[in-house]
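# Observations on the model geometry
Listed below, chain by chain, are the residues.
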Amino acid sequence: MASVIVMGRSRTREVPLHEAVAVIGRDAGATIELGDLQVSRRHALLVRAAEGTFVKDLGSRNGVLVNQERVPRLRQARLKNGDVVSLGRTTLVFKDLGGEPAADAGAPGVDATRLALTPATSGRGGPPAPDDEDDLDPPLGPPAGASAPDAGRPAAAAR
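Scope of this entry: the structure provided in the associated data block. Owing to the predicted nature of the structure, the values given are computational and were not obtained by experimental measurement. (Residues numbered from 1 in each chain as written. Predicted model: local features only at pLDDT ≥ 70, side-chain atom pairs only at ≥ 80, totals over all residues. Heavy atoms only, no water.)

Counting secondary structure elements, the protein chain contains one helix and 11 strands. Sorting the 159 residues of the protein chain into buried and exposed places 38% on the buried side. The long-range fraction of contacts in the protein chain, counting pairs at least 24 apart against all pairs at least 6 apart in sequence, stands at 46%. As presented, the protein chain carries roughly 9500 Å² of accessible surface, and 53% of it is formed by carbon and sulfur atoms. (Helix = DSSP H or I, 4+ residues; strand = E, 2+ residues; numbered from the N terminus. Buried < 20%, exposed > 50% of the residue type's maximum accessible area, 1.4 Å probe, protein only. Contact = heavy atoms within 4.5 Å. Areas by Shrake-Rupley, 256 points an atom, 1.4 Å probe, with all protein chains shown as cover.)

Structure, rendered in structure tokens:
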């Protein structure tokens, strides 16, 4: 059976992938709940299908990396045993020693060939969920207390 090893700042745990689809995020209802503020409430999906296991970015601001390569927004990347998936400050290592497709891969809505073409839904019965930008840390900028070159200067007056 496939699983992911979740390595956060304070602990490491292994999460078996029992279901065909697993939601990764900070939301309390996520299959793999992360306590990382750099991760959206619904950041990514892990999808097991007959073609293999895929990670799909759900349009997150901070993105998903597989082996240090960014997965395009709203697209997926196929995973193989040992792949390193990075979300925010959290690292997941995909583990699939059997290499067998998911037993429930034939379930409706788990066709990996359609995965990139269908928008992600909010899981709340509504329309596609854009990234939960309100719950993310602001984009990275100068460190707190650092002065930017033009910080504190008034804009040049029109002459």
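The six strands are arranged E2-E1-E11-E10-E7-E8 in an open sheet whose pairing can be described as antiparallel. Each of the sheet's edge strands pairs with one partner strand only, and the pair in question is strand E2 (12–16) and strand E8 (69–71). Strand-to-strand twist of the sheet, defined as the mean angle between neighbouring strand axes without regard to direction, takes the value 30 degrees. Here strand E10 (residues 84–87) pairs with strand E11 (residues 90–95) via four bridges, running antiparallel. Residue pairing for E11: Val84 is matched across the bridge by Val93. (Pairing = 2+ DSSP bridges. Axes fitted to C-alpha atoms, helices over the stretch in contact; angles between N-to-C directions.)

Looking now at the pairing of E10. Residues Val85 and Leu87 point to one face of E10 and are all buried, whereas Val84 and Ser86, pointing to the other face, are not buried. Across two bridges, strand E7 (residues 64–66) lies against E10 in antiparallel orientation. Within E10, the residue paired with Val66 across the bridge is Val85. Linking E10 to E11, which pair antiparallel, is a turn of two residues; within it Gly88 sits at a positive phi near 60 degrees.

By themselves these figures say nothing about function.
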